[in-house]
Amino acid sequence: MNLQPTLLDIKDMLVSKRASYTVIIMAIFALTFALVVEFSPEDLRDAIEASVPEGSAGMFEFIWFEDVLRFLFLIVVSFGAFIICDLDDDETLDLILSRPESRLSFLVRRTLSSVISFLIIFMIGTLIAGGVAWAIVGGLDLPLFLIHHLMVMPMLLFVFALTFFFSVPLRTTTYTVLVGFAVSLVLSFTYSFELMANPASEPSIFNPLAFGYRVMAGLPLAEAFYVVLVLTIVLFVAGGLWFCRKDL
Amino acid sequence: MDDKVDFLAVIWHRTYRMLFSVRGLLALLMSVYMLVAGAYFLDSLMEAGTVTGELYALFIDRPDLQFQWFFFDGAMSKLVTIFLAPLFIFDAVSGDRTGERIGLVLSRPITRPTYMLIHLVSAILAFGVIFLGVLIPGYFLIHPQVPELTASAYLATTVLMYLLGFFALCVALLISTLVKSNLVSFIASFGLFSFLMMPNALKYTSDVMVDVAKFTPHYYATYFTTHNLEGGLFIAYAVVIILFSLPFLALAILRIRNEDL
Amino acid sequence: MGAIEIKGLKKDYKDVQALKGLDLVIEEGQVYGFCGPNGAGKTTTLKILVGLVYATGGEASIKGIDVFNDGVEARRHVGYLPESYGMPRWDTPRKFLTYMGILSGMSKADISKRIEEIAGEINLTDNLDRRIKAISKGNKQRIGIAQALIHDPDTLLFDEPTTGLDPIGRNEVLDTMRAFADKGKTVLFSTHILSDVEKICDTVGIIHEGLLIEEGSPEELRQKHEAEDLDEVFLKVASHG
């Protein structure tokens, strides 16, 4: 496989507006949520601390995973839309698919570029966000915070796969991002409500977007991981087959 | 306003198209979902010993305010500004630009301010039909769960939320005129509104933040989630939210008015 | 009074002077071919006439209406077809044309009637209710022409309307423009394809570096430059600036 186009795509993504917006938004979120924690009255802070699961890297991580991460799905979705929609929007998809490369190889290449560049940008954003929070709030286990973000990647890949799947029929970035983001939000709200209603409960392993909570709370991961993995593969394969057989 | 082009017919056409589109469906599903969740999860949420539960304790004798606070301040104000309202306008100008449609549309006998108003008014209507269309009848779903909640208090906050949506529409329209890509416009709107809602979210945690929150329309839109309804204040706050919005609309129109396309 | 009058038109971009004082008068009922090399200022001129680009100086009017001070009124008389343009891919031509008609101030009943009329004239009837994304390039250009004609304008401004079309499609577009002018209306179109100009134009203007450097009927220009065809005229004129 020729790695040159993949490397070029990754390079383009790393210097794109999408990348800078990701890092900026993560930093802004971290700053504001760190301020929430810092300025909280003592009794409220105590209440938050009491709710923090034992496996968490600290109070900030609890808030981050519960409130912020779901909004960051938009970022994941925007990277997922990169696979097909970017090319369709600027009308280069036909040109690229007319090269001597199979659609499957094209999809693998674009998915790899998208996932790798997202991973790099997301971890840079996490490092900055964690650094900001650590400087303001203190008491954040920064290495654990970073490790948890790496461990959350299967869940984010599921969002990727979801977006890719929707991008096959929708094609345009606008609608793909909207649908991908809305579905992710609904899935994440679903497990959140369940958890808020009964804090002692464990979120269902069948909701892939509860995987992040399980990582942070130190809950058993194996079964939930298989579910996320299977769903992700199913979505990628179904979307891929659909795309490979579709008239463009 | 141009008197020969039927402004209402244009608006109706666009509004209708938006309502029966993917975005209309998404907005409808999200609104219904939030309403049902608000109506049926509330009881258990109020009893839960979580952070939210601690905050509910602030209005221990006022289930109506507990509901208003959870539903509007905690959920709806975020959903409206971050997702629902921008959904109808984030690609208004940027979409016309990227699709190179803007030349076709502006070669018609309409002024550029009219063009912007067509986008804004149709988005206001489409958002209104879905948001108010779900929330107003939603009272009959919620009232049995929270009998203390009066229709007037619920409606007043619903209207203020709608006006908060108007603010979001004006700001998102400005963003859409400033950037050239739909995706960047959506992400920028999302980022900005996430940031703008923060002072209001922080107002429960410090007095300083209450003062900061007063510089955002969110504070006025959610005021009656923690206070008893007063007619005079309601009108005043509605006007305040509109005043927050108009400069953004003016900037958007000025921006497009002077631009070579 | 000319149907289109341009006097001393200037347009400065940051680092380029696109128009340096263009003068042009097009009489009613004429087909005017606007030729020139890439970057000569053809598109800028057309865009200024429809208010998409603001001139730095000069005057321009359509049917005697100042396009700078009364652009809306001027655009009532204009049907514009840009060089490249997008259309909502998921819409049908009928829906798209309806919207463009409403934006031109027409009633829905008139629009429906007019759509059928134009579709018949330009062979679009069979495609009116298919999604635009599934329509061929030639038929997309027909939709572009239909949106320009929908409100029955007096003046057509077409930017490279035949580029990329097959000979049949090209002839249809040329015939449409000629038929339009034969009704006493005015057509200004820019093109690189000089054989198109020879076929239908009453007058040809050659623009170079923002100035009109040659003008006349195709016959006059051939005689003046002792050329066999307009291609030769164009090469002689453009190369000498």
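How each quantity is defined
Residues numbered from 1 in each chain as written. Chains lettered and ligands numbered in written order. Predicted model: local features only at pLDDT ≥ 70, side-chain atom pairs only at ≥ 80, totals over all residues. Heavy atoms only, no water. Helix = DSSP H or I, 4+ residues; strand = E, 2+ residues; numbered from the N terminus. Rg over C-alpha atoms; globule rule 2.2 N^0.38 Å. Buried < 20%, exposed > 50% of the residue type's maximum accessible area, 1.4 Å probe, protein only. Contact = heavy atoms within 4.5 Å. Areas by Shrake-Rupley, 256 points an atom, 1.4 Å probe, with all protein chains shown as cover. Lys, Arg positive; Asp, Glu negative; His and termini not counted. Charge placed at Lys NZ, Arg CZ, Asp CG, Glu CD. Expected span 1.5 Å × (residues − 1). Arc of directions from axis to C-beta. Patch = residues over 30% accessible without salt bridge, like charges linked within 9 Å, V, L, I, M, F, W, Y side chains within 5 Å. Salt bridge = Lys/Arg side-chain N within 4 Å of Asp/Glu carboxyl O. Pairing = 2+ DSSP bridges. Axes fitted to C-alpha atoms, helices over the stretch in contact; angles between N-to-C directions. Parallel < 35°, antiparallel > 145°, perpendicular 65-115°, else oblique. Left-handed = near helix turned anticlockwise from the far one by under 90°. Core = buried A, V, L, I, M, F, W, Y, C linked by side-chain atoms within 4.5 Å. Phe/Tyr/Trp six-rings, centres within 6.5 Å; stacked < 30°, edge-to-face > 60°.

Student: A description of the overall build of chain A should follow, citing residues and the corresponding values.
Tutor: Secondary structure summary: chain A contains 13 helices and zero strands in total. Its helices and strands taken in sequence order, chain A reads α-α-α-α-α-α-α-α-α-α-α-α-α from the N to the C terminus. Here the C-alpha radius of gyration of chain A, 19 Å, is about what a compact globule of 248 residues would show, namely 18 Å. Across the 248 residues in chain A, those meeting the buried criterion constitute 56%. At a minimum sequence separation of 6, the contacts of chain A that also span at least 24 residues come to 73%. If you sum the accessible surface of chain A, you get close to 10,100 Å²; carbon and sulfur atoms cover 67% of it. Positive and negative charge centroids in chain A, built from 13 and 23 side chains respectively, lie 14 Å apart.

Student: Tell me about helix α6 (residues 167-182) of chain C, residues and numbers included.
Tutor: Residues and elements named next belong to chain C. The end-to-end C-alpha distance of α6 is 22 Å, a good match for the 22 Å that 16 residues give at a rise of 1.5 Å each. Turning to α6, its buried residues number three or more, namely Gly169, Val173, Leu174, Thr176, Met177, Phe180 and Ala181. For α6, the arc enclosing every buried residue in end-on projection is 150°, short of the 170-degree limit, so these residues lie on one face. Residues of α6 that are exposed and angled more than 90 degrees away from the buried face: Pro167, Ile168, Asp175 and Asp182. Those residues of α6 hidden inside the fold are in contact with β3 (31-35), α5 (137-149), β7 (155-159), β8 (186-191) and α7 (194-200). Positive phi shows up at glycine 184, right after α6, with a value of about 90°.

Student: Would you mind going over a nonpolar patch on the surface in detail, with residue names and values included?
Tutor: Together, A:Leu14, A:Val15, A:Leu104, A:Val108, A:Leu112, A:Ile116, A:Ile120, A:Ile124 and A:Ile128 make up an exposed nonpolar region whose accessible area comes to about 730 Å². Considering each element in turn, the nonpolar patch owes the most residues, seven residues, to helix α8 (residues 103-136) of chain A.

Student: Please set out the sheet that holds strand β10 (residues 211-216) of chain C residue by residue, giving values where relevant.
Tutor: Residue and element names in this part refer to chain C. Strand order across the open sheet formed by six strands is β6-β7-β8-β3-β9-β10, with mixed pairing between neighbours. Lying at the two open borders of the sheet, with one neighbouring strand each, are β6 (78-81) and β10. Neighbour to neighbour, the strand axes of the sheet diverge by 15° on average, direction disregarded. In this structure, strand β9 (residues 203-208) lies alongside β10, joined through five bridges in antiparallel fashion. Residue pairing across strands places isoleucine 207 opposite leucine 212, the latter belonging to β10. Strands in contact with α5 are β6 and β7; relative to β6, the strand with the most contacts, it is inclined by about 160°. In this fold α6 packs onto β3, β7 and β8, with an angle of close to 150° to the strand it touches most, β8.

Student: Kindly report on the packing of α8(A) against helix α9 (residues 142-151) of chain A, identifying the contributing residues and their values.
Tutor: All names here are of chain A. Following both chains from N to C, one finds α8 and α9 inclined at 150°, their axes separated by 10 Å at the closest point. Relative to α9, α8 is oriented roughly antiparallel. Classified by chirality, the crossing of α9 by α8 is right-handed. Every residue of α9 that contacts α8 at Leu119, Phe122, Met123, Thr126, Leu127, Gly130 and Gly131 is listed here: Leu142, Phe145, Leu146, His149 and Leu150.

Student: Account for the nonpolar core, with residues named and values stated.
Tutor: By size, the foremost hydrophobic cluster in this structure holds 247 residues, and its most contacted members are A:Phe29, A:Trp64, A:Leu72 and C:Leu157. Among the elements that make up this core, the one with the highest residue count is helix α8 (residues 151-178) of chain B (17 residues). The residues contacting A:Leu72, other than those within four sequence positions of it, are A:Ile25, A:Met26, A:Phe29, A:Trp64 and A:Phe122. Counting 10 residues, the second largest nonpolar core, distinct from the first, contains A:Ile84, A:Leu93, A:Leu97 and A:Val168.

Student: Can you lay out the packing of aromatic side chains for me, pointing to particular residues and giving the numbers?
Tutor: Working definition: an aromatic ring pair is given by the centre-to-centre distance plus the angle between the planes. All names here are of chain B. Evaluated as defined, the whole model comprises 38 aromatic pairs over all chains. Here phenylalanine 127 and tyrosine 162 contribute two aromatic rings whose centre-to-centre distance is 5.4 Å and whose plane-to-plane angle is 20°, an arrangement assigned as stacked. Of the two residues, phenylalanine 127 is situated in helix α7 (residues 112-142) and tyrosine 162 in helix α8; the sequence distance between them amounts to 35 residues. The class for phenylalanine 127 is buried, based on a relative accessible area of 2%. Taking relative accessible area as the criterion, tyrosine 162 reaches 18% and is therefore assigned buried. Here tyrosine 223 and tyrosine 237 contribute two aromatic rings whose centre-to-centre distance is 5.0 Å and whose plane-to-plane angle is 80°, an arrangement assigned as edge-to-face. With tyrosine 223 in the loop between α12 (217-221) and α13 (231-257) and tyrosine 237 in helix α13, this pair connects stretches of sequence that are 14 residues apart. An identical accessibility class is assigned to tyrosine 223 and tyrosine 237; each is buried.

Student: I'd like to hear about the pairing of β9(C), residue by residue, with values.
Tutor: Residue and element names in this part refer to chain C. Of all six residues that make up β9, six are buried, and the element is covered over most of its length. Of the two faces of β9, the one lined by Thr203, Gly205 and Ile207 and the one lined by Val204, Ile206 and His208 are each fully buried. Note that β3 and β9 share four bridges and pair parallel. In the sheet register, tyrosine 32 faces β9, and the bridge partner there is threonine 203. Count of turn residues in the β9/β10 antiparallel hairpin: two residues, of which glutamate 209 carries a positive phi of about 50°.

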